[in-house]
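Here is how the chains run, residue by residue.
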Amino acid sequence: MDYFDAFAEVYSSIERHVHDHGVPPAEIVIAPSLYTWLCDVLREEELLRGTAITDPVLLDTPFGAVKIVIDETLSPYDILTQ
């Protein structure tokens, strides 16, 4: 894969889950490296907004908050919804 936009892939996975099941997933399962990257991006956004910096356990989406679960067996490109 030449280009991987993690946020686009994560949100696309959530949208597919909603399309297929009619409800948002209870959780999204990602690799530790993808979680670290998402945290870095979210921290940067929080710094720019001047809000408190946190390590997210929930991802805000248009469908509501979705719990983030880390699975060390996944590759950085695997994104599972449950």
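Structure: above.
As the structure is a computational prediction, the values presented were derived from the model and not from experiment. Every chain is numbered independently, its residues counted from 1 as its sequence is written. The predicted origin of the model limits local features to residues at a pLDDT of at least 70 and limits the giving and counting of side-chain atom pairs to 80 or more, whereas totals for whole chains, interfaces and linings rest on all residues. Heavy atoms throughout the structure, all of them, feed into the side-chain values; hydrogens and water do not.

Comment: elements are numbered from the N terminus, with helices defined as DSSP H or I runs of at least four residues and strands as E runs of at least two. Structurally, Ser13 is set in helix α1 (residues 6-21). Assessed through its relative accessible area of 7%, Ser13 is described here as buried. A distance of 3.2 Å separates a polar atom in the side chain of Ser13 from a polar atom in the side chain of Arg16. Excluding residues within four positions of it along the chain, Ser13 makes contact with Ile79 and Thr81. Using a 1.4 Å probe on the protein chains alone, a residue whose accessible area is under 20% of its type maximum counts as buried, one over 50% counts as exposed, and one in between counts as partly exposed. Under the rule applied, a polar contact is a pair of N or O atoms within 3.5 Å (in protein, one hydrogen donor and one hydrogen acceptor; residues adjacent in sequence only if both atoms are side-chain atoms). Any pair of residues with heavy atoms lying within 4.5 Å of one another is described as a contacting pair.

Before going further, it helps to spend a moment on helix α2 (residues 32-49). A helix is expected to span 1.5 Å for every residue after the first. Here α2 is 18 residues long and its end C-alpha atoms lie 25 Å apart, about the 26 Å a rise of 1.5 Å per residue gives. When we look at burial in α2, the residues that qualify are Leu34, Tyr35, Leu38, Cys39, Leu42 and Glu46. Projection of α2 onto a plane perpendicular to its axis shows the buried side chains occupying an angular sector of 135 degrees, all on one side. Along α2, exposed side chains directed more than 90 degrees from the buried face belong to Glu44, Leu47 and Leu48. Positive backbone phi, approximately 80 degrees, marks Gly50, located one or two places after α2. This arc corresponds to the set of directions leading from the helix axis out to the C-beta atoms.

This brings us to the layout of surface pockets. Lining residues are those with an atom within 4 Å of a point, where the points come from a 1 Å grid over the protein atoms alone and group into cavities, where a 1.4 Å probe fits but cannot get out, or pockets, open sets with protein on both sides within 12 Å along at least five of seven lines. Grid points are joined across faces, edges and corners, and a volume is the space filled by probe spheres set on the points. Empty space within the largest pocket amounts to approximately 220 Å³. Lining the largest pocket, in full, are Tyr11, Leu42, Glu45, Glu46, Arg49, Thr54, Pro56, Leu58, Leu59 and Asp60. Those elements giving two or more residues to the lining of the largest pocket turn out to be α2 and β2 (58-61). In terms of residue count, α2 provides more of the lining of the largest pocket than any other element does, four residues in total. Following the grouping adopted for this structure description, the nonpolar residues are Ala, Val, Leu, Ile, Met, Phe, Trp, Tyr, Cys and Pro, the charged ones are Asp, Glu, Lys and Arg, and the polar ones are all others, Gly among them. Split into classes, the residues belonging to the lining of the largest pocket amount to five nonpolar, one polar and four charged.

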